[in-house]
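Structure at a glance
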Amino acid sequence: MANEYVKETIGMAEAPVRDLVIQCDNLVKIYKTKDIEVLALQGLDLEIERGELMAIIGNSGSGKSTFLNMIGGLDRPSAGRLIVDGKDLFKLSEREQLVLHEKRLRRILDIAVAAGEEVVILGAFGCGAFENDPQAVAMAARNVIGDYLHDFETIEFAIYCSPRDERNYGFFERAMKA
């Protein structure tokens, strides 16, 4: 026999290669304030393959929006592992976070252009409650907005600042003036 290494399968097929677009292992999210902790997501294990249709359903307060915010890169897990398109969102470098924010902003603006919108009001992508780095989000906005100035009459940002801390606004103000 020309090939002395013949693979035999007896009653079993090889496992197909899975193309996972989302993988969660023991995903946990705890929101903390000065006085309380709220467990928004507790130990989620989930795998979603590319092209798979999935509905996220549950009672109010069960963690649906928290999960969607995490897979969109708006929020970060408190514990566990979250991999989206092969990237562990819990371990993104500053550069990877910047690229993610730029990609998200471009997607939103492309949709607004396609819809023929004249005015766009954008959130600051998690600089408030989700504690994303406001400097990275502001830099992403600065890097992207110039490509869309001719498409809109007005582009505005709604930026969260607590009553005693206006740093988020300052980051955006400096980035847009640079």
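Residues numbered from 1 in each chain as written. Predicted model: local features only at pLDDT ≥ 70, side-chain atom pairs only at ≥ 80, totals over all residues. Heavy atoms only, no water.

**A word on the overall build of the protein**
Helix and strand counts for the protein stand at four helices and six strands. Reading the protein from its N end, one meets helices and strands in the order β-β-α-β-β-α-β-α-β-α. The buried share of the protein, taken over its 178 residues, is 31%. Counting only contacts in the protein whose residues sit at least 6 apart along the sequence, the fraction spanning at least 24 positions is 62%. Carbon and sulfur atoms make up 52% of the accessible area of the protein, which amounts to about 12200 Å² in all. (Helix = DSSP H or I, 4+ residues; strand = E, 2+ residues; numbered from the N terminus. Buried < 20%, exposed > 50% of the residue type's maximum accessible area, 1.4 Å probe, protein only. Contact = heavy atoms within 4.5 Å. Areas by Shrake-Rupley, 256 points an atom, 1.4 Å probe, with all protein chains shown as cover.)

**Some points on the nonpolar core**
Membership of the largest hydrophobic core comes to 14 residues, with the highest contact counts inside it found for Leu 105, Leu 109, Val 120, Leu 122, Ile 145 and Phe 152. When residues of this core are traced back to their parent elements, those giving at least two are helix H2 (94-114), strand E5 (119-123), helix H3 (134-145) and helix H4 (167-177). Considering every element that reaches this core, the biggest residue donor is H3, with five residues. Excluding its chain neighbours within four sequence positions, the residues that come into contact with Leu 109 are Val 120, Leu 122, Val 144, Ile 145, Tyr 148 and Phe 152. Core analysis: the next-biggest nonpolar cluster, separate from the first, contains 13 residues, Cys 24, Leu 41, Leu 82 and Leu 92 among them. (Core = buried A, V, L, I, M, F, W, Y, C linked by side-chain atoms within 4.5 Å.)

**Remarks on the pairing of E5**
Because side chains alternate across E5, one face comprises the buried residues Val 120 and Leu 122, and the other comprises Val 119, Ile 121 and Gly 123, none of which is buried. Relative to strand E6 (residues 154-158), E5 runs parallel, the two sharing five bridges. Counterpart to Gly 123 in the pairing with E6 is Ala 158. (Pairing = 2+ DSSP bridges.)

**As for the environment of Glu 156**
With respect to the helices, strands and loops of the structure, Glu 156 is situated in strand E6. For Glu 156, the residues in contact, after removing those within four places along its chain, are Val 120, Ile 121 and Leu 122.

**A look at the pairing of strand E3 (residues 79-84)**
Across five bridges, the pairing between strand E1 (residues 20-32) and E3 is antiparallel. Paired with Asp 25 across the two strands is Arg 81, which belongs to E3. Bridging between E3 and strand E4 (residues 87-88) involves two bridges; their strand directions are antiparallel. From the neighbouring strand, Val 84 faces E4, where its bridge partner is Lys 87.

**Quick word on helix H1 (residues 64-71)**
Considered for burial, the residues of H1 that qualify are Thr 66, Phe 67, Asn 69 and Met 70. Buried residues along H1 cover an arc of 165° about the axis, so they all sit on one side. Packed against the buried residues of H1 are E1, strand E2 (37-49) and E3. A positive backbone phi angle near 80° is found at Gly 73, which sits one or two residues after H1. (Arc of directions from axis to C-beta.)

**Some thoughts on the pattern of salt bridges**
Between side chains of opposite charge, pairing is possible as soon as their charged atoms come close. Within the structure shown, the criterion is met by four salt bridges. A salt bridge links Asp 19 to Arg 50, with the shortest nitrogen-to-oxygen separation between them at 2.9 Å. A residue pair is termed long-range when its members are at least 10 positions apart, and Asp 19 in the segment before E1 and Arg 50 in the loop between E2 and H1 qualify at 31 residues. Asp 19 sits in the partly exposed class, given a relative accessible area of 39%. On the basis of relative accessible area, Arg 50 is assigned to the partly exposed category, the value being 48%. A single salt-bridge network, built from bridges that share partners, covers Asp 19, Arg 50 and Asp 85. (Salt bridge = Lys/Arg side-chain N within 4 Å of Asp/Glu carboxyl O.)

**Structural notes on the packing of H3 against H4**
At a closest axis distance of 9 Å, the pairing of H3 and H4 adopts a crossing angle of 30°. One element, H3, and the other, H4, form an angle in the roughly parallel class. Crossing of H3 against H4: the hand is right-handed. Of H4, the residues touching H3 (which contributes Pro 134, Gln 135, Val 137, Ala 138, Met 139, Ala 141 and Arg 142) are Asn 168, Phe 171, Phe 172, Ala 175 and Met 176. Its residues placed into classes, the contact of H3 with H4 shows nine nonpolar, two polar and one charged. (Axes fitted to C-alpha atoms, helices over the stretch in contact; angles between N-to-C directions. Parallel < 35°, antiparallel > 145°, perpendicular 65-115°, else oblique. Left-handed = near helix turned anticlockwise from the far one by under 90°. Nonpolar A, V, L, I, M, F, W, Y, C, P; charged D, E, K, R; others polar.)

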